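Here are the chains, one letter per residue:
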Amino acid sequence: MSWSNNDGPWGPSGGKSGSNPWTKKDQSGGPPSGDRPPDLDDFLRKWRDAFERWLPRIGGPSQLFMLILSILIGLWILSGFYQVATDQVGVVMRFGAFDRQEPAGLRYHLPTPIEDVLLPTVTSQNEIAVGFRHSTRTPGEIHSVPEESMMLTQDENIINVEFAVFWRVSDVGKFLFEIRDPEQTVKMAAESTMREVIGQNKLQFELTDGREQVAEDARIRLQKLMDEYNAGVVITEINLQTVSVPEEVKAAFQDVVNARLDQERFQNEAAAHANKVIPEAKGQSAKITQQAMGYRDQKIALAQGDADRFKEVLIAYDQAREVTVRRLYLETMESVLGNANKIIVDKAGSTMVPYTSPSFLLAPRGAPQAPALPNADGGAK
């Protein structure tokens, strides 16, 4: 459809006033040149002239169609180029089925719908929060989710457990094709596993010394469950954010905790006292034992020496009985009269000489003699 400068869609401009809303009549009865509507034929003609200047001359509609079709095919072929980031793996799907994997870099696949590409992130660490959520409005603010965090312990106490699961992709094929919605699957399996571990331990253990053990047990069980699902993910860590009792019973539970702390303190004090007293008692016992053993060894040695001395005397007596008897007599008298005042009287009884030492035995000839000694037969000599 076309119209001239003088005709419009409502007829000639020379008709009734106001019949053409696109133009305004001037005094001569025609529309002003600045208010004329666009001429479609003129626009198409200009576009074709410009097209013919840049492209070879088109002979007919069929050639124009082939040119447009060639351009579209070229664009379709070029749409197969794609970029794989360093933390991604390109998974090429041919007619909806897995065909191959592509490493990082600029890659090419047959255009859609022949092949499609998936770009899962495989090297980055993924985090799933269970029992809490990070605020999207205030950075650092955390909101609890009681329906996920409230759990029941072995001793039938309620405990609030908020934890984060860190995982990454280990097998792209299993991750994409063996499970649906992997993140939701990991989250639900983690919550179920944690409830199982919490239900097998007591409250006091989970609040004090058992936090690390509970987290490690939950990680091992969750990894085993993911392997059974063929999920293609590895659970790297489970971090317990909050392990506490509900707010409603926190005051009463704090009293119990304080009592347990006092009990542990008293036990530690008693153990310290025992560790101090017991070594002292053991040392004293060892000292007395050593003294007794030393006294025993001394007495045994003295007795052994006396016995050996008696044996030697007996041997000497057997070899020279008279000499031995005299020696024994003299040694006995020396031990008895060594410190006593002595008076030597001769046989006549007329001479009395004070003597304080048994050295008369060594006196020269003519000196007073000692009394006669009994011989081996019991007679005087």
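Refer to the structure presented above.
All of the points below concern the structure found in this document. Everything numeric here is computed off the predicted structure, so don't read it as measured data. (Residues numbered from 1 in each chain as written. Predicted model: local features only at pLDDT ≥ 70, side-chain atom pairs only at ≥ 80, totals over all residues. Heavy atoms only, no water.)

Now for the packing of helix α8 (residues 250-319) against helix α9 (residues 321-337). With their axes 6 Å apart at the nearest point, α8 and α9 run at an angle of 135 degrees to one another. Taken together, the axis directions place α8 and α9 in an arrangement best described as oblique. Mapping the contact onto sequence places R309, V313, A316, Y317, D318 and Q319 in α8 and R321, T324, V325, L328 and E331 in α9. When grouped by side-chain class, the residues that make up the contact of α8 with α9 number 5 nonpolar, 2 polar and 4 charged. (Axes fitted to C-alpha atoms, helices over the stretch in contact; angles between N-to-C directions. Helix = DSSP H or I, 4+ residues; strand = E, 2+ residues; numbered from the N terminus. Parallel < 35°, antiparallel > 145°, perpendicular 65-115°, else oblique. Contact = heavy atoms within 4.5 Å. Nonpolar A, V, L, I, M, F, W, Y, C, P; charged D, E, K, R; others polar.)

Within the structure shown, the criterion is met by 9 salt bridges. The salt bridge partner of R265 is D262, with a shortest N-O separation of 3.8 Å. Residue R265 and its partner D262 are both found in helix α8; the two are separated by 3 residues, about one turn of the helix. Taking relative accessible area as the criterion, R265 reaches 40% and is therefore assigned partly exposed. Residues R296 and D297 are paired through a salt bridge, measuring 3.2 Å at the closest nitrogen-oxygen approach. For D297, a relative accessible area of 41% puts it in the partly exposed group. What you see here is one network of salt bridges that share partners, running through R133, E148 and K187. (Salt bridge = Lys/Arg side-chain N within 4 Å of Asp/Glu carboxyl O. Buried < 20%, exposed > 50% of the residue type's maximum accessible area, 1.4 Å probe, protein only.)

What follows concerns the nonpolar core. Where a protein is soluble and globular, its nonpolar side chains tend to be buried together. By size, the foremost hydrophobic cluster in this structure holds 39 residues, and its most contacted members are F163, V165, W167 and M194. Residues contacting W167, with those up to four places away along its chain left out, are S124, Q125, N126, I128, F175, E183, V186, V233, V234, I235 and T236. (Core = buried A, V, L, I, M, F, W, Y, C linked by side-chain atoms within 4.5 Å.)

For the rest of this paragraph, the subject is the side chain of E148. Here E148 lies in helix α3 (residues 146-149). Leave out the neighbours within four places in its chain, and E148 touches A129, V130, G131, R133, K187, E191 and R195.

A separate point is unusual backbone geometry. It is generally the case that most residues other than glycine have a negative phi and that most peptide bonds are trans. T112 connects to P113 through a cis peptide bond whose omega is 10 degrees. Topologically, P113 is positioned in the loop between β6 (105-108) and β7 (115-118). A positive phi is found at D181, a non-glycine position, where the angle reads about 55 degrees. Relative to the elements of secondary structure, D181 occurs in the loop between α4 (172-177) and α5 (182-198). Overall, D181 belongs to the partly exposed group, its relative accessible area being 45%. The phi dihedral of N230 is positive, around 55 degrees, even though this residue is not glycine. Checked against the element boundaries, N230 lands in the loop between α7 (211-229) and β13 (233-244). Here N230 falls in the partly exposed class, since its relative accessible area comes to 32%.

Attention now goes to α7. Compared with an ideal rise of 1.5 Å per residue, which puts 19 residues at 27 Å, α7 spans 27 Å between its outermost C-alpha atoms and is within 8% of the ideal. Of the positions making up α7, those classed as buried are V214, A215, A218, L222, Q223, L225 and M226. Along the long axis of α7, the arc covered by the buried residues comes to 165 degrees, so they all point the same way. Seen from the open side of α7, the exposed residues pointing more than 90 degrees away from its buried face are E212, K224 and E228. (Expected span 1.5 Å × (residues − 1). Arc of directions from axis to C-beta.)

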